[in-house]
Amino acid sequence: MDALNQTIEFALWAITCVGLLLGLLLRIGEVMYRVIAWGRRACFHGRLARPRAMALVLAGVLAASLTVPVPALAGQGWWWGSPITPGFDRNTVIRVAGTASRVDIVSRGGPSTLRLDTADESFTVMLAPGWYLAELRADIRSGDPLIVEGSKMMDRRQQVYLVAARITNQRTGAVLELRDEAGRPRWMGGRPSSRSWQ
């Protein structure tokens, strides 16, 4: 039953991603069409010299493509172009203790990450969006002793990742709840959950 639910969830995620991408492409196409149509009218009616009109058309197309925001696609809370396959497999959940290094909290454009060095191996830990970590008032620094529970997986280059569900910072005593028991990201709905370690 869990496998069926995960398959359905993945199919819905894929449909959502395709819909968002098509909507974005249609919007860019509409803006480009309007800019090109304006440029043709301006050239035809002699309002602008031909080279100047074409330069304006090209500048408009470039500006339109740069100003349309690329949405953060919602597949399990990760981002379009992420090197890691979106998803959370409860069958690969592990709990490891180690030391944080290379903590990278980003405000936009991709997932926040950190490097977790354990006695046996090192992981790139996928955290949550920076804005969500800010809401949680997450205080994670290089050198912090952490206990991370999450789904272990590999990217397309066979690098090992850990998609974090829960992080216990032994320096501060804080426990960050990033995903629920089913692996759904908490930042995709509901209020942030952060509590002190008991």
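Quick note: structure is the one above.
Note that the coordinates shown come from a computational prediction; the quantities given were computed from them, not determined experimentally.

> Before we move on, could you go through the overall build of the protein and cite the residues and values that matter?
Across its full length, the protein carries three helices and seven strands. Overall, the protein shows an N-to-C arrangement of helices and strands of α-α-β-β-β-α-β-β-β-β. Within the protein, buried positions represent 36% of all 198 residues. Within the protein, contacts between residues at least 6 apart in sequence are counted, and of these 54% link residues at least 24 apart. For the protein, the computed accessible surface area is about 12,100 Å², with 58% contributed by carbon and sulfur atoms.

> Explain the nonpolar core residue by residue, including any values.
Core analysis: the biggest nonpolar cluster contains 20 residues, and Leu114, Val125, Leu146, Val148, Ile167 and Leu178 have the highest contact counts within it. Of all the secondary structure elements, the ones that give two or more residues to this core are strand 1 (93-104), strand 2 (113-117), strand 3 (122-126), helix 3 (130-136), strand 4 (145-154) and strand 5 (160-169). Residues in contact with Val148, not counting those within four places in the same chain, are Ile94, Arg95, Val96, Leu116, Val125, Leu162, Ala164, Arg166 and Ile167. Counting residues in hydrophobic clusters, the runner-up holds six residues, among them Phe88, Tyr161, Val163 and Ala165.

> So what's going on with the side chain of Glu177? Which residues, and what values?
Take Glu177: it is sitting in strand 6 (residues 174-177). In terms of polar contacts, Glu177 uses its side chain to reach the side chain of Arg166, at 2.9 Å.

> Please set out unusual backbone geometry residue by residue, giving values where relevant.
A positive phi angle, near 50°, is found at Arg102, a position not held by glycine. A positive phi angle, close to 55°, is found at Arg137, a residue other than glycine. Look at Arg137 and you get exposed, because its relative accessible area is 73%.

> I'd like a description of the packing of aromatic side chains, backed by residues and values.
Within the structure shown, the criterion is met by two aromatic pairs. Ring centres 5.9 Å apart and planes at 55° place the aromatic pair Tyr132 and Trp187 in the tilted group. Linking Tyr132 in helix 3 with Trp187 in the loop between strand 6 and strand 7 (193-196), this pair joins segments that are 55 residues apart in sequence. Residue classification places Tyr132 among the buried residues on the basis of a relative accessible area of 1%. Site record: aromatic cluster; members linked through ring pairs are Trp131, Tyr132 and Trp187.

> Can you lay out the pairing of strand 6 for me, pointing to particular residues and giving the numbers?
Alignment of strand 5 against strand 6, held across three bridges, turns out to be antiparallel. The residue of strand 6 that forms the bridge with Arg166 is Glu177. In sequence, strand 5 turns back onto strand 6 through a hairpin of four residues, with Gly173 there showing a positive phi of about 85°.

> Give me the pattern of salt bridges: which residues, what numbers.
Here the structure, examined in full by the defined rule, presents eight salt bridges. Taking the shortest distance from any N to any O, the salt bridge between Arg141 and Asp139 comes out at 3.1 Å. For the salt bridge of Arg171 with Asp139, the shortest nitrogen-to-oxygen distance reads 3.1 Å. One end of the pair, Arg171, is in the loop between strand 5 and strand 6; the other, Asp139, is in the loop between helix 3 and strand 4, and 32 residues separate them in sequence. Here Asp139 falls in the partly exposed class, since its relative accessible area comes to 31%. Linked by salt bridges that have partners in common, Asp139, Arg141, Asp144 and Arg171 make up one network.

> Tell me about a nonpolar patch on the surface, and please be specific about residues and values.
On the surface, a nonpolar cluster with roughly 280 Å² of combined accessible area is contributed by Val18, Leu22 and Leu25. Counting through the fold element by element, Leu22 comes out in helix 1 (residues 2-44). Accessibility expressed as a relative area gives 49% for Leu22, which makes it partly exposed.

What counts and what doesn't
Residues numbered from 1 in each chain as written. Predicted model: local features only at pLDDT ≥ 70, side-chain atom pairs only at ≥ 80, totals over all residues. Heavy atoms only, no water. Helix = DSSP H or I, 4+ residues; strand = E, 2+ residues; numbered from the N terminus. Buried < 20%, exposed > 50% of the residue type's maximum accessible area, 1.4 Å probe, protein only. Contact = heavy atoms within 4.5 Å. Areas by Shrake-Rupley, 256 points an atom, 1.4 Å probe, with all protein chains shown as cover. Core = buried A, V, L, I, M, F, W, Y, C linked by side-chain atoms within 4.5 Å. Polar contact = N/O pair within 3.5 Å; in protein donor to acceptor, adjacent residues only side chain to side chain. Phe/Tyr/Trp six-rings, centres within 6.5 Å; stacked < 30°, edge-to-face > 60°. Pairing = 2+ DSSP bridges. Salt bridge = Lys/Arg side-chain N within 4 Å of Asp/Glu carboxyl O. Patch = residues over 30% accessible without salt bridge, like charges linked within 9 Å, V, L, I, M, F, W, Y side chains within 5 Å.

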